[in-house]
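Structure assessment
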Amino acid sequence: MKKRLVILGAGESGVGAALLAKQQGYDVFVSDGGPIKENYRTELEENGIVFEENQHSAEKILNADEVMKSPGIPEKNELVKQIRAKGIDVISEIEFAYRYKGNSKIIAITGSNGKTTTTALTYHICKTGGADCAMVGNVGFSFAKQVAKFPKALYVAEISSFQLDDIKTFRPDVAVLTNITEDHLDRYDYKFDNYINSKFRVVMNQKEEDVFIYNLDDEVTAKTITNYPIKSTLAPITMSKQLPQGAYLQNAKMHLKWKTEEMQMSIEDFAIKGKHNQYNSMAASLAASAVDIRKEKIREALQT
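Residues numbered from 1 in each chain as written. Predicted model: local features only at pLDDT ≥ 70, side-chain atom pairs only at ≥ 80, totals over all residues. Heavy atoms only, no water.

**A word on the nonpolar core**
Proteins that are soluble and globular tend to have nonpolar side chains buried together. As a reminder, the rule being used: To form a nonpolar core, buried Ala, Val, Leu, Ile, Met, Phe, Trp, Tyr and Cys residues must be joined to one another through side-chain atoms within 4.5 Å. Exposure categories follow from relative accessible area, calculated using a 1.4 Å probe and restricted to protein chains: below 20% of the type maximum is buried, above 50% is exposed, and the middle band is partly exposed. For helices the rule is a DSSP run of H or I covering at least 4 residues; for strands it is a run of E covering at least 2, with both sets numbered from the N terminus onward.
In this structure, Phe143, Phe170 and Phe200 are the most contacted members of the largest nonpolar core, which totals 53 residues. At 6 residues, helix H1 (residues 12-23) tops the list of elements feeding residues into this core. Of all hydrophobic cores here, the second largest spans 36 residues; its members include Ile109, Leu249, Met282 and Ala284.

**So, the side chain of Gln206**
To keep things clear, this is the line we draw: Contacts between residues were defined by any pair of non-hydrogen atoms, one from each residue, lying within 4.5 Å.
Within the secondary structure, Gln206 is located in the loop between helix H9 (192-200) and strand E10 (211-215). Gln206 gets classed as buried once you look at its relative accessible area, which sits at 2%. If we ignore the near neighbours within four places in the chain, the residues touching Gln206 are Arg171, Pro172, Asp173, Val174, Ala175, Val211, Phe212, Lys231 and Ser232.

**Regarding the environment of Phe141**
The residue Phe141 is located in the loop between strand E7 (133-137) and helix H7 (143-149) in this model. The exposure class of Phe141 is partly exposed, given its relative accessible area of 32%. Sequence separation between Phe141 and Glu262 is 121 residues, and the spatial gap between their C-alpha atoms is 34 Å.

**As for the packing of helix H6 (residues 115-128) against helix H11 (residues 275-290)**
As a reminder, the rule being used: Every angle, taken between N-to-C directions, lies between 0 and 180 degrees, and every axis is a line fitted to C-alpha atoms, over only the stretch in contact when it is a helix. Every angle not falling under 35 degrees, over 145, or within 65 to 115 is termed oblique; those three ranges are roughly parallel, roughly antiparallel and roughly perpendicular. Whether a crossing is left-handed or right-handed is set by the direction in which the near helix is turned from the far one by less than a right angle, anticlockwise for left-handed and clockwise for right-handed.
Where H6 contacts H11, the axes come no closer than 9 Å and their chain directions differ by 45°. Comparing the axis directions of H6 and H11 gives the class oblique. The two elements H6 and H11 cross, and the hand of that crossing is right-handed. Side by side, H6 and H11 meet where Thr117, Thr118, Leu121, Thr122, Ile125 and Cys126 of the first sit next to Asn277, Asn280, Ser281, Ala283, Ala284, Ser285, Ala287 and Ala288 of the second.

**Focus: the pairing of strand E12 (residues 246-250)**
Heads up, the rule is: At least two DSSP bridges between two strands are needed for those strands to be called paired.
Taking burial as the measure, the 5 residues of E12 include 4 buried ones, the bulk of the element. Strand direction decides the pairing type here: strand E11 (residues 233-238) and E12, joined by 2 bridges, are parallel. Bridging across to E12, Ile237 finds its partner in Ala247. With 5 bridges connecting them, E12 and strand E13 (residues 253-258) associate as antiparallel partners. By the bridge assignment for E13, Gly246 is matched with Lys257. Adjacent in sequence and paired antiparallel, E12 and E13 are bridged by 2 residues, among which Asn251 carries a positive phi angle near 50°.

Next comes the structure, spelled out in structure tokens:
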């Protein structure tokens, strides 16, 4: 029997997951409560994927072995409640894509602010450093579509808390948490702690050999990090002090210390300006170092 995967939402992540599921031999059904954009509809049709739009037919959904829901659909949704009540597993697209990524590495970037810039910058550094990589998630292709169509050795993924809510085994080699501010609280029962927990899920499956990059100067992160049993190697960034390992800013210079290597670079040389971009640059440089991009290449990338 083929495993039945029902996908709720036919946007970038839903259609990407449908393509990957079809390729992997699942019985796939895509359901969208609204109209499906023409480009996505064409993709579903061309790949022989069964779908419906402007409605959710309970009988075609509640017989699923597993449901992948779009990050835009909240838990309070009636259909989601019915799916949960039946005990059907609900996963997010990044969880599904993760199963089929093979030996590829993942740098996963989350946070309330700066994640898009940090993701784009990390990708730029890795690409400059010669890595076979793609930028996926909330920017570029959906992660699942990239895995299905154009697999790479490294994925630089921008990931939202909504996507992290439905992971089970997803384990990034490098996790980056830029910062945490009160955001999307309507989705978290207006409890800031629920949102914080959500963000820290990015490290929940990490092991000792994985790396966690976080901002020591972010009040919420610094205050709550000890609440989580983090196994990965910690790599902080800061503007307030020197660090034995990580990245810090002192006298207008970025110091990057990773394993036995150290690199310094004047912030005058950064192509993107502004204090928040200095944080983004430190996080991106450290992430690139963690996947073995050479420091001359990091320097070159930050200048362009």
